[in-house]
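Commentary on secondary and tertiary structure
Listed below, chain by chain, are the residues.
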Amino acid sequence: MPSHHLPLLLAAYQYKFGRNVEAMWRHLIDDVAVGWEELGTDLLDDAPPALVAALTGGEHWPSRTLDQLVTPDGSPPVRMSVTDETADAQDMEWGYVLHKEGVEVISLLHEDIGPIVSWSIDPRTAFNDHPAAWSSRASPPAIRASRSTPTPSAPAAAPAKAGPSRPTARR
């Protein structure tokens, strides 16, 4: 759900990966053998403690990859690729595509593209989890912008708006 994944992804980009989307791609996509079971608070490494506390309520849990999969025929599991054709079969509700300008949030129940949330958005921004709210023709549905004053090292919040036209190549 966007209210869970977006804060982690935004804070990870801004702090753990030092605003380097290529490093984030390598960690989250290229360096994973099969896929992710859960994204954890280790993505908040290097974020200010007050931000981590605001996002997690003080809880900590590790990211976990899908390492314990067993295939019906005993062969090694392979990377999960999600395409328009396979999304329904994989019972996926949400997709997150990392772009240079932000993260595209796709409600797979409604559309095959979605609005782009700028990397500069404050991770404490609350987002709507209703799938119909994530239309590719509208701005990302923030419920409320963060009212907290960012720390001096934290980026300023920017208004949520749809990004420019989508590049054809997706990662």
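Scroll up for the structure.
To keep things clear, this report deals only with the structure shown in the data block. (Residues numbered from 1 in each chain as written. Predicted model: local features only at pLDDT ≥ 70, side-chain atom pairs only at ≥ 80, totals over all residues. Heavy atoms only, no water.)

Concerning the layout of surface pockets
Here the second largest pocket defines a volume of roughly 200 Å³. If you go around the second largest pocket, you meet 14 residues; those closest to its centre are Ser-3, Pro-7, Ala-54, Leu-55 and Pro-123. Of all the secondary structure elements, the ones that give two or more residues to the lining of the second largest pocket are α1 (2–16), α3 (49–56) and β6 (126–127). With four residues, the top contributor of residues to the lining of the second largest pocket is α1. (1 Å grid on protein atoms, 1.4 Å probe; cavity = no way out; pocket = protein on both sides within 12 Å on 5 of 7 lines; lining within 4 Å. Points joined across faces, edges and corners; volume = space filled by probe spheres on them. Helix = DSSP H or I, 4+ residues; strand = E, 2+ residues; numbered from the N terminus.)

With respect to the packing of α1 against helix α2 (residues 21–30)
Orientation of α1 relative to α2, taken along the N-to-C sense of each, is 125°, at an axis distance of 9 Å. In this view, α1 runs oblique relative to α2, as classed from their interaxial angle. Here α1 runs over α2; the crossing is right-handed. Counted together, Leu-9, Ala-12 and Tyr-13 of α1 and Val-21, Met-24 and Leu-28 of α2 form the full contact between these two elements. By residue class, the composition of the contact of α1 with α2 is six nonpolar, no polar and no charged. (Axes fitted to C-alpha atoms, helices over the stretch in contact; angles between N-to-C directions. Parallel < 35°, antiparallel > 145°, perpendicular 65-115°, else oblique. Left-handed = near helix turned anticlockwise from the far one by under 90°. Contact = heavy atoms within 4.5 Å. Nonpolar A, V, L, I, M, F, W, Y, C, P; charged D, E, K, R; others polar.)

Things to note about the packing of aromatic side chains
In the structure shown here, the tally under the stated rule is three aromatic pairs. Taking 6.0 Å as the distance between ring centres and 40° as the angle between the ring planes, the aromatic pair formed by Phe-127 and Trp-134 counts as tilted. Through successive ring pairs, a cluster of aromatic residues spans Trp-94, Phe-127 and Trp-134. (Phe/Tyr/Trp six-rings, centres within 6.5 Å; stacked < 30°, edge-to-face > 60°.)

A word on the environment of Ser-118
Position of Ser-118 among the secondary structure elements: in strand β5 (residues 116–118). A C-alpha to C-alpha distance of 9.3 Å links Ser-118 and His-99, two positions 19 residues apart in sequence. Residues within four places of Ser-118 in sequence aside, it is in contact with Leu-10, Glu-101 and Gly-102. Among the polar contacts listed, one links the side chain of Ser-118 to the side chain of Ser-120, at a separation of 2.9 Å. (Polar contact = N/O pair within 3.5 Å; in protein donor to acceptor, adjacent residues only side chain to side chain.)

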